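Understanding the architecture of this molecule
Letter by letter, the chains look like this.
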Amino acid sequence: MKYCFLFCVLGIMHAQDLGSDGVWLPHPVVDLGSSAAVPFQPWAKLKFQENHAKQQNELDRRCLPPGVPRITLMARPFEIVQTPNRILFVYEGGAHVWRQIWMDGRAHPKDPNPNWLGHSIGHWEGDTLVVDSVGFNDRTWLDDAGHPHTEQLHVIEKYSRTGPLTMKYDVVIDDPGAYTQSWTSSSSLSFRRGEKLAEDICLDKITK
Amino acid sequence: MKAPFVVGVWLLALASGFAQNPPLAKDPGPFLQPGDFPEDKVPKQVAGPAPHFPDGRPDFGGNGAWYPGFNGNLAETTWKGVKSADKHVDVPFLPGTLATYNERVENRSKDDPEARCLPVGVPRFMFDPYPFQMIQTRNQVVFVFEGDNYLWRIVNIDSPGNTHPKNLKPTWLGDAVGHYEGDTLVVDVTGFNGLAWLDQAGHATSDKLHLTERYTRTDSLTLKYEVTIDDLGAYSKPWTASNTIHWRPGMELMESICQEDEKSSIHMIGK
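Residues numbered from 1 in each chain as written. Chains lettered and ligands numbered in written order. Predicted model: local features only at pLDDT ≥ 70, side-chain atom pairs only at ≥ 80, totals over all residues.

1. Side note on the overall build of chain A
The criterion, for reference: Numbering goes from the N terminus for both helices and strands, where a helix is a DSSP run of H or I of at least four residues and a strand is a run of E of at least two. Between the two quantities, the radius of gyration covers C-alpha atoms and the globule rule is 2.2 Å times the number of residues to the power 0.38. Put plainly, a residue is buried at 20 or more neighbouring C-beta atoms within 10 Å of its own, exposed at 12 or fewer, and partly exposed in between, counting only other residues' C-beta atoms, which are placed from the backbone.
Across its full length, chain A carries four helices and nine strands. N-terminal to C-terminal, the α/β element order of chain A is α-β-α-α-β-β-β-β-β-β-β-β-α. In terms of overall dimensions, chain A is globule-like: its C-alpha atoms have a radius of gyration of 17 Å, near the 17 Å expected for 208 residues. If one aligns the C-alpha atoms of chain A with their principal axes, the spans along those axes are about 55 × 45 × 35 Å. Going through the 208 residues of chain A one by one, you find that 38% of them count as buried.

2. Observations concerning the overall build of chain B
To be explicit about the condition: Here contacts are defined at the residue level, using C-beta atoms placed from the backbone and a cut-off of 7 Å between them.
Along chain B, the regular secondary structure elements total two helices and 11 strands. Its helices and strands in sequence order give chain B the pattern α-β-β-β-α-β-β-β-β-β-β-β-β, from N to C terminus. A separation threshold of at least 6 residues defines the contact pool for chain B, and within that pool the share at least 24 residues apart is 62%.

3. A few points about the nonpolar core
What counts is decided by this rule: Linking buried Ala, Val, Leu, Ile, Met, Phe, Trp, Tyr and Cys residues through C-beta atoms within 7 Å yields a set, and such a set is a nonpolar core.
Membership of the largest hydrophobic core comes to 106 residues, with the highest contact counts inside it found for Leu 88, Val 90 and Trp 98 of chain A together with Phe 132 and Val 144 of chain B. Other than its neighbours up to four places away in sequence, Val 90 of chain A contacts Phe 78, Glu 79, Val 81, Trp 98 and Leu 197 of chain A together with Val 142 and Trp 152 of chain B.

4. Examining unusual backbone geometry
All names here are of chain B. Cis peptide bonds are those with omega within 30 degrees of zero, and the linkage from Val 122 to Pro 123 qualifies with 5 degrees. Relative to the helices and strands, Pro 123 resides in the loop between helix H2 (95-106) and strand E4 (132-136). In the segment running from Gly 147 into Asp 148, the intervening peptide bond is cis, with an omega of -5 degrees. With respect to the element layout, Asp 148 can be found in the loop between strand E5 (140-145) and strand E6 (152-157). For Arg 108, which is not a glycine, the phi torsion comes out positive at approximately 60 degrees. With respect to the element layout, Arg 108 can be found in the loop between H2 and E4.

5. Things to note about the environment of Glu 262 of chain B
Residues and elements named next belong to chain B. Along the polypeptide, Glu 262 turns up in the segment after strand E11 (239-249). In this structure Glu 262 comes out as partly exposed when scored by C-beta crowding, with 16 C-beta atoms within 10 Å. Considered as a pair, Glu 262 and Arg 116 are 146 residues apart in the sequence and their alpha carbons are 8.3 Å apart.

6. Let's talk about the interface of chain A and chain B
Every contact between the two is made by 22 residues of chain A and, on the other side, 22 residues of chain B. Of all the secondary-structure elements, those providing two or more residues to the side of chain A that touches chain B are strand E3 (86-91) and helix H4 (203-207) of chain A.

7. Let's talk about the environment of Tyr 91 of chain A
Residue and element names in this part refer to chain A. The residue Tyr 91 is located in strand E3 in this model. Classification of Tyr 91 as buried rests on a count of 24 C-beta atoms within 10 Å. Between the alpha carbons of Tyr 91 and Ile 80 there is a distance of 8.9 Å; along the sequence they are 11 residues apart. Excluding anything up to four places from it in sequence, Tyr 91 contacts Ile 71, Arg 76, Phe 78, Val 97 and Trp 98.

8. Here we look at the confidence of the model for chain B
Quick reminder of the rule: You can read pLDDT as the predictor saying how much it trusts each residue, on a scale of 0 to 100.
Residues of chain B with pLDDT of at least 70 account for 89%, and the chain-wide mean is 90. Scored as a complex, the prediction yields pTM 0.90 and ipTM 0.91.

9. A few points about H2 of chain B
Residues and elements named next belong to chain B. Put simply, the rule is: Each residue after the first adds 1.5 Å to the expected span of a helix. Taking the helix axis as origin, the arc is that swept by the directions to the C-beta atoms.
Its 12 residues give H2 an end-to-end C-alpha distance of 17 Å, which sits within 8% of 16 Å, the value for a rise of 1.5 Å per residue. Every buried residue belonging to H2 is among Thr 97, Leu 98, Tyr 101, Arg 104 and Val 105, and all of these are buried. The buried side chains of H2 occupy one side of the element, clustering within an arc of 130 degrees when seen end-on. Residues of H2 that are exposed and angled more than 90 degrees away from the buried face: Pro 95 and Gly 96.

Here is the structure:
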């Protein structure tokens, strides 16, 4: 019990510390819609079935970034770098890319240039980091299963460090261009203390 | 008798000199104009003292980004008609590396890995026109780059003399261990795959490449970069190149994905 007390206190003390001495490894989620009915619009359902039948995302073969939230659902580690104004997510998998989450209170730009990883702003709700992202292109898939989206995609991610080695990841998909209402998925991540990211250059596999 | 002998020795030396050192390929000449670069359009800023963290470490960050400018040749002060590296270096080429260099310059760098969206590499990141930022935590310096594929590079901060892990897997960016020496961040890098070019001109590397990088913020707007290239697989002795990198106040990095709709490299046929 006294150990639990110690760990619980440490856990609470460090809940807004997303880990500077290791990496996070997602428990992979292949299909965001596996635990709930996905509120597809008819075209999006057809597109999903088409994508799903392909089995492989052609953008992966061309080494393009996986997009959000897929990059956090893959079984590849990433590191979180916290600074007062900005939190960086640095990913080993995908395309050796990074994301920046602005924590300085700014709003999204009015007309963001659609890109692969979006424009992200964040804030803390208690010990949960809430990341709000817009400004995506419509080319990525939301997950390996092939859920599509449009440029209207708005993703809300919630990162809650539930213990020294665990994090809960909740994601809300809000895309009125593809779904009739917003829908959610929950998963978890494990902390690997002392581990470091490796270099993995996707293009090496297709240019040799 | 003496004169012909001297002339003979001289001719022999000349001939063997040519055999070992064919002339360096020439600068292909200006195709870039000075006004092509954003750095030419930035109003002059007034520099303040270099910032530091409360614990005394130099602070390489702030609201802005570093912009190296275009330095197409890290051994020349001008290249393609614009300012290049800080100083000229007589590069101690091994014969094969010189031949490779000359071929690359003469065919207009048509096989440049960077043009195929492969990683820019180290130290080329500090000579190419992609803005970057350095984010310092207690145990790392995280470099984030806009180009050419929105890459990151992590330098682990450790005590001086600390060694790299054994049996490193060869990579584009190598394994980097850094420490602070006063106001200078010193980074030791090894474990390279030998595929990256040191610059656009085409200075080659081998998998024996070992770098010592020195980053010093001399005032709020200036980063002095010096790199010692120790690569006995490509050069007969270590040599040092340098660049002065300028701070762009307020600059933020944008996502830049080279691979997006990449259709250009197949048209690179050289000369």
